[in-house]
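Examination of the molecular architecture
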Amino acid sequence: MTGRVRVAAVLAVAAGVLLSGCGQQSYDYEPVDLGAPGEVTAPGTTLAFGETAWLEHTFSTDSGDYTGLQGVTVRDIAAADASLFEEYSNAEEFAEYTPYLVVTQHQFAEDLPAEVDPDTVDLFPMLADGTDAEWLTSGYVTLAGPGDECGLSLPDYDEETRTLLQCFVALSSTDAEVTSAQYLAEDYTAMVGTDGNEYLQAPVTWE
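Here the structure is a predicted model, which means the values were calculated and not measured. (Residues numbered from 1 in each chain as written. Predicted model: local features only at pLDDT ≥ 70, side-chain atom pairs only at ≥ 80, totals over all residues. Heavy atoms only, no water.)

1. Some details on the side chain of Ser172
The following threshold applies: Think of it this way: any DSSP run of H or I at least four residues long counts as a helix, any run of E at least two long counts as a strand, and we number them from the N terminus. Three exposure classes are used, based on accessible area relative to the maximum for each residue type with a 1.4 Å probe and protein chains only: buried under 20%, partly exposed in between, and exposed over 50%. Residues adjacent in sequence count toward polar contacts only when both atoms are side-chain atoms; beyond that, a polar contact is any pair of N or O atoms within 3.5 Å, and within protein one must be able to donate a hydrogen and the other to accept it. Only heavy atoms matter for contacts: two residues are in contact if any of them lie within 4.5 Å across the pair.
Along the chain, Ser172 falls in strand S8 (residues 163-172). Since its relative accessible area comes to 1%, Ser172 is described here as buried. Within polar-contact distance, the side chain of Ser172 engages the backbone oxygen of Ala176 at 2.5 Å. Aside from chain neighbours lying at most four places away, what touches Ser172 is Glu96, Tyr97, Thr98, Tyr100, Leu127 and Val178.

Right, here's the structure in full:
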């Protein structure tokens, strides 16, 4: 039976000036070796930060759908200073929120076709009490995935190692901390779960 995807409300913010790490040679996080590609990680698997899940991801290209295998891990979830909201014109809307930086790493199992961007699986932040966390978007679309608004300096996609580091901001408006992230095999924009998707009821979890 197809059900509604467990997605928390998303907060859109007015565009602001974000500090850039362009030109820096040292990074807040460096890539680590995720190991050789393995079998697709089963639904319900629980992993520690830094441990790798191998997951399939299908996305559309100009020449049709492409399905690839990618290694995925959550490198870190860390509370951030609320001053990061000051970059936005609607900063007052976040007075009750604590931001958390969710740093992830993705490693593609094979060279990507020329027309394929390094598109990564979507991960959903979770609070310590087991409920969905919210996340920070950039722009004006509320039902969208998080933007890369962490303010961290991360290396660009490395074509040689097929590795990409990313970061997004998860939000908590309660005393519960953001402590984990889950793979549901669904996109951030999905409103209805895919029929037969076992990961919806038994996600892969990093905690």
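Further notes follow.
2. As for unusual backbone geometry
For Arg162, which is not glycine, the phi torsion reads 55° and is therefore positive. Tracing the sequence through the fold places Arg162 in the loop between strand S7 (134-138) and S8.

3. What about the packing of aromatic side chains?
Heads up, the condition is: Any two rings among Phe, Tyr and Trp, with Trp reduced to its six-membered ring, count as a pair given centres within 6.5 Å; such a pair is stacked if its planes are under 30 degrees apart, edge-to-face if over 60, and tilted if neither.
In the structure shown here, the tally under the stated rule is 7 aromatic pairs. Arranged with centres 6.1 Å apart and planes meeting at 85°, the rings of Phe108 and Tyr157 form a pair that is edge-to-face. With Phe108 in strand S5 (residues 98-108) and Tyr157 in the loop between S7 and S8, this pair connects stretches of sequence that are 49 residues apart. Residues Tyr183 and Tyr199 carry aromatic rings whose centres are separated by 5.1 Å and whose planes lie at 70° to one another, so their mutual orientation is edge-to-face. Linking Tyr183 in strand S9 (residues 178-183) with Tyr199 in the loop between S9 and strand S10 (204-206), this pair joins segments that are 16 residues apart in sequence. Residue Tyr183 shares its accessibility class with Tyr199, and that shared class is buried. One aromatic cluster is present, formed by Phe85, Phe94 and Tyr97 through successive ring pairs.

4. Considerations on the state of the cysteines
Going by this rule: In this description, a disulfide is simply a cysteine sulfur pair whose atoms lie within 2.5 Å.
In total, this model carries 1 disulfide according to the counting rule given. Put simply, Cys150 and Cys167 are joined by a disulfide, and their sulfur atoms are 1.9 Å apart. For the disulfide bridge between Cys150 and Cys167, the dihedral angle about the S-S bond is near -80°, and by the sign convention the bridge is left-handed. In this pair, Cys150 is assigned in the loop between S7 and S8 and Cys167 in strand S8, connecting sequence segments 17 residues apart. Just as Cys150 is buried, Cys167 falls in that class too.

5. A short note on the side chain of Thr73
With respect to the secondary-structure elements, Thr73 resides in strand S4 (residues 64-79). The contacts of Thr73, once residues within four sequence positions are left out, are Leu34, Phe49, Gly50, Glu51, Thr52, Val103, Thr104, Gln105 and Trp206.

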